[in-house]
Amino acid sequence: MLNIWGVMLFIRMSWIVGQAGIVLSCVIVLMATVVTTITGLSTSAIATNGFVRGGGAYYLISRSLGPEFGGSIGLIFAFANAVAVAMYVVGFAETVVELLGSVDCIMTDEINDIRIIGTITIILLLGISMAGMEWEAKAQIFLLVVLITAIFNYFIGSFIPLKSKESQGFFGYDSAIMMENMGPDFRGTESFFSVFAIFFPAATGILAGANISGDLSDPQLAIPRGTLLAILITGIVYLGVAISTGSCIVRDATGNGNDTLGAQFMANCTDAACKFGYDFSFCKGDDGQYNCRYGLQNDFQVMSIVSGFSPIITAGIFSATLSSALASLVSAPKVFQALCKDNIYPGLEMFAKGYGKNNEPLRGYILTFCIALAFILIAQLNVIAPIISNFFLASYALINFSVFHASLANSPGWRPSFKFYNMWVSLAGAVLCCVVMFVINWWAALMTNVIVMGLYIYVSYKKPDVNWGSSTQALTYHQALTHSLHLSSVEDHIKNFRPQCLVMTGYPNSRPALLHLVHAFTKNVGLMICGHVRTGSRRPNFKELSNDQTRYQRWLLKNETKAFYTPVFADDMRQGTQYLLQAAGLGRLRPNTLVIGYKSDWRDGDMMNVETYIHMIHDAFDFQYGSVVFRLKEGLDVSHISEQDDLLSSQEKTSGMKDVVVSINMKDSDGDSSKPLSKATSVQNSPAMQKDDDDECKAATKPLLKKDKSPQRLNVADQRLLDASQLFKRKQGKGTVDVWWLFDDGGLTLLIPYLLTNKKKWKDCKIRVFIGGKINRIDHDRRAMATLLSKFRIDFSDINVLGDINTKPKKENVTAFEEMIEPYRLKEDDMEQDTAEAQKASEPWRITDNELELYRAKTNRQIRLNELLKEHSSTANLIVMSMPLARKGAVSSALYMSWLETLSKDLPPLLLVRGNHQSVLTFYS
């Protein structure tokens with residue numbers, strides 16, 4: 001109540017009635033009361049939805065709408081409170097200067113005297129506020145008693161008209177005066193909304209209780225009760241003062257007791273004062289200029305004249321202005337301190353520090369003092385008031401919107417104990433606040449909105465690491481759930497196909513090249529899930545799995561990778577991949593393409609791992625997935641390099657949980673240790689596995705964090721691997737993406753390069769298309785392909801028809817292939833049939849003589865394709881090629897792996913792509 005009954009009650013309310021008239025003055029009061037009542041209901045709802053800490057409006061908005069809105073409005077609300085201090089102090093200084101003028105004690109001139117007295121006053125108020133809440137509370141109680149006494153003094157005085165006061169325009173309650181003052185009489189540049197803008201700060205004290213929420217013993221009970229009762233009581237008083245002053249005081253008076261009417265002029269006088277024998281028309285010029293000193297329009301101290309004992313009104317003015325100034329001086333630093341504690345804006349941490357047992361924000365007091373002092377130097381109340389109206393209205397609009405937003409999100413956590421609110425009323429309140437902002441002053445409202453949006457965008461860009469369970473999060477979930485369910489009710493269509501990739505990365509930071517390349521064509525287009533199969537003989541630690549999921553999901557976000565990380569425990573790699581193929585995703589947001597790294601160490605380890613690897617590709621086709629195999633000449637897995645701390649975000653470095661990526665050395669049947677299996681697949685053990693004593697699995701932990709500032713020198717191979725791992729993070733210069741479209745797989749081999757070259761980093765690369773053909777039909781095939789691509793609306797720079805694709809490969813390359821497969825051949829002709837069958841059963845990956853002869857043509861084709869690739873695409877930025885398929889169960893794993901090795905060796909980065917033969921491109925609109 002002290003904060004609402006501010007400077008406007010005693011020294012501007014009567015002027016507002018003079019300008020707007022009784023009816024419009026009541027409308028102004030009621031409009032402001034409607035805005036504050038709706039905001040009070042919204043404030044009560046938020047304040048009773050859990051414990052309210054210090055920070056007032058900032059705390060309420062930030063915990064409801066999140067740091068973006070909370071941070072922006074927190075700064076503006078703290079600033080508005082600081083400027084409000086100046087408004088109240090200037091009102092106090094105006095009264096003091098008028099008293100000095102009445103006894104002819106002006107020091108310099110009115111404006112400078114207001115500045116001098118205002119400066120002295122705010123210094124004294126700063127001392128009281130810095131003494132702590134106890135002193136401030138005691139001062140407020142005393143000021144409240146004085147203020148209520150002054151209000152009663154005015155109303156009592158209004159019923160005691162004195163002859164001595166008539167010349168100053170006060171005649172007591174009279175119907176003629178009331179009717180004359182019923183309508184508006186706007187003068188100068190004033191209008192309804194300009195007068196409303198000056199009055200509205202009188203209604204802005206409703207958050208005074210919420211602003212000191214940290215000092216209240218029971219804020220959940222006190223804030224709703226205190227706020228709504230204060231709005232009701234002060235609203236009634238404002239209406240009472242508006243009707244009272246308009247009913248007993250005329251608009252213009254001279255103050256001269258001799259300005260009475262003679263009997264001969266009585267008939268020509270029409271003013272209400274004429275009834276009482278006074279003629280105040282002398283001070284009203286014919287040119288519309290008014291030189292009257294008294295009356296509603298001219299004297300800001302009318303309530304002192306009306307009152308029974310005018311010094312009490314003066315004391316009331318002092319009480320109202322000083323109490324409001326003191327409340328705002330306390331509120332602003334506390335809001336600012338709460339904002340700074342949350343560290344939303346860098347550089348403001350110094351203001352978060354508190355002192356004493358009540359954690360007083362002394363630095364905030366100094367800052368508020370400086371802001372208020374700057375505005376006190378303006379020294380004009382009617383200039384300062386509209387400035388803060390927009391800031392307060394912006395705060396109220398967001399408080400109302402917070403309640404609407406929280407109700408709309410339908411979060412289970414939104415359950416305020418205060419039930420007398422409605423989401424649509426709150427929305428109407430928010431809209432009303434915005435409308436009022438613009439009608440008061442459209443350019444100031446525009447500037448306020450620009451400031452709010454600028455601060456909002458800044459916080460959104462910086463993404464502070466806070467989680468307050470805001471309604472923004474709840475609504476995002478609600479919308480995602482609703483849209484996901486809605487999406488699932490719509491059938492797939494070719495036009496809307498997008499590659500949704502399950503990428504077997506293991507830990508996301510262990511295969512950066514694979515991650516960056518897939519992200520390049522799925523970003524903002526399709527889903528990307530980083531799959532990770534964790535195997536081991538010990539019992540799975542599911543808590544650790546959950547922690548890893550949270551940690552690496554955060555790592556992806558910090559590195560601006562739009563992907564999900566999904567780890568699973570499984571007995572082996574194939575089983576884990578099957579789990580992911582079946583269960584990854586949600587509804588229509590589920591993968592349709594499996595992406596794996598090429599198993600570059602397949603000849604060095606246990607061939608049963610190769611068997612598992614090939615079965616993964618077959619499983620993908622069984623589950624109706626497309627398959628993509630990515631080969632980088634230098635390799636993909638960088639998890640064994642310990643010096644790449646740049647792969648981890650600063651968040652991980654300070655989280656207290658060390659990231660450890662583990663490579664597993666699997667022993668083959670002869671007991672020889674193989675190269676790390678994780679280099680080619682996604683099998684990586686948890687850090688806890690280093691304690692496992694099982695001889696079959698020895699985990700060597702390789703932390704990705706630097707332990708000192710001087711990293712060890714990498715060997716040449718590792719340095720090349722590290723450089724290659726960042727290849728797709730950089731902008732690709734002018735080059736080519738070569739598409740070798742050898743089979744019709746539904747169009748996935750064409751779609752991926754198209755999506756890739758549409759991205760900023762790849763936009764300078766041109767697509768070259770290579771197809772097989774016959775020498776005598778090269779031109780025809782080229783035109784047919786060009787027509788097809790045009791219909792698909794895919795830009796290309798060149799089409800090459802390979803007429804020599806079916807010629808025999810070079811003899812030395814055939815010999816090299818035979819040498820490569822020699823260790824994996826079964827050679828059943830050299831052994832007994834039973835022995836051969838037994839060995840084939842125990843080692844199903846071995847290549848039989850019959851199989852080798854049966855697929856001789858296909859083998860020669862892979863060798864020949866590698867020759868052509870080296871000839872035509874050795875300088876390409878990326879090669880995208882149709883992946884050869886082997887019939888499941890008919891072609892051994894060793895032979896198929898040999899085909900892939902022969903096809904892809906010694907080449908630029910290569911994507912082997914095979915769709916599931918479902919069309920992903922269409923001609924039609």
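Scoring rules and cut-offs
- Residues numbered from 1 in each chain as written.
- Predicted model: local features only at pLDDT ≥ 70, side-chain atom pairs only at ≥ 80, totals over all residues.
- Heavy atoms only, no water.
- Pairing = 2+ DSSP bridges.
- Helix = DSSP H or I, 4+ residues; strand = E, 2+ residues; numbered from the N terminus.
- Axes fitted to C-alpha atoms, helices over the stretch in contact; angles between N-to-C directions.
- Contact = heavy atoms within 4.5 Å.
- Core = buried A, V, L, I, M, F, W, Y, C linked by side-chain atoms within 4.5 Å.
- Buried < 20%, exposed > 50% of the residue type's maximum accessible area, 1.4 Å probe, protein only.
- Polar contact = N/O pair within 3.5 Å; in protein donor to acceptor, adjacent residues only side chain to side chain.
- Patch = residues over 30% accessible without salt bridge, like charges linked within 9 Å, V, L, I, M, F, W, Y side chains within 5 Å.
- Areas by Shrake-Rupley, 256 points an atom, 1.4 Å probe, with all protein chains shown as cover.
- Salt bridge = Lys/Arg side-chain N within 4 Å of Asp/Glu carboxyl O.
- pLDDT = per-residue confidence, 0-100.

### Describing the sheet that holds strand β8 (residues 735-740)
Sheet architecture is open: ten strands sit in the order β3-β2-β1-β4-β5-β12-β11-β8-β9-β10, paired in mixed fashion. In this open sheet, the two strands that pair with only one neighbour each are β3 (564-569) and β10 (798-802). Sheet twist, expressed as the average angle between the axes of neighbouring strands with direction ignored, equals 20 degrees. Across six bridges, strand β2 (residues 528-534) lies against β3 in parallel orientation. Bridge pairing in β3 links Val 533 to Val 568. Relative to strand β1 (residues 501-504), helix α19 (residues 512-522) is tilted by about 170 degrees, and along the sheet it contacts β1, β2, β4 (593-597), β5 (626-631), β11 (878-882) and β12 (910-914). Lying on the sheet, helix α22 (residues 607-622) is in contact with β4, β5 and β12; it crosses β4 at an angle near 165 degrees.

### Here's the deal with the side chain of Asp 738
Counting through the fold element by element, Asp 738 comes out in strand β8. Apart from residues no more than four positions distant in its own chain, Asp 738 is found in contact with Arg 768, Phe 770, His 872, Ser 873, Ala 876, Leu 878, Ile 879 and Val 880.

### A short note on the nonpolar core
Ranked by size, the top nonpolar core spans 127 residues in total, and within it Phe 10, Met 13, Phe 199 and Tyr 238 carry the most contacts. Contact partners of Phe 10, with chain neighbours within four places excluded, come to Leu 147, Ala 150, Ile 151, Phe 300, Met 303, Ile 313, Gly 316, Ile 317 and Ala 320. Counting residues in hydrophobic clusters, the runner-up holds 59 residues, among them Ala 570, Tyr 598, Met 881 and Met 897.

### Regarding the side chain of Thr 39
Looking at where Thr 39 falls in the secondary structure, it is placed in helix α2 (residues 13-47). A polar side-chain atom of Thr 39 sits 3.1 Å from a polar atom in the side chain of Asn 400. If near-sequence neighbours (up to four positions away) are discounted, Thr 39 is found in contact with Ile 206, Tyr 396, Ile 399 and Asn 400.

### Focus: a nonpolar patch on the surface
A contiguous nonpolar patch, built from Phe 438, Trp 442, Trp 443, Leu 446, Met 447, Val 450 and Ile 451 and spanning about 720 Å² of accessible area, is present on the exposed surface. If one sorts the elements of the nonpolar patch by residue count, helix α17 (residues 442-462) sits on top with six residues. Within the secondary structure, Met 447 is located in helix α17. Look at Met 447 and you get partly exposed, because its relative accessible area is 42%.

### Thoughts on the confidence of the model for the protein
Of the residues in the protein, 88% have a pLDDT of 70 or more, and the chain-wide mean is 80. Confidence drops under a pLDDT of 50 for residues 642-711, and excluding neighbours within four residues, the segment shows 184 contacts in the predicted structure.

### Observations concerning the environment of Thr 787
Inspection of the secondary structure assignment puts Thr 787 in helix α26 (residues 778-792). Since its relative accessible area comes to 41%, Thr 787 is described here as partly exposed.

### Overview of the pairing of β5
Within β5, six of the six residues are buried, leaving the element largely enclosed by the surrounding structure. Direction of pairing for β4 relative to β5: parallel, over a ladder of five bridges. Residue pairing for β5: Thr 593 is matched across the bridge by Gly 626. Two elements, β5 and β12, share five bridges in a ladder whose sense is antiparallel. Each bridged residue has a counterpart across the sheet, and for Ser 627 the counterpart in β12 is Arg 914.

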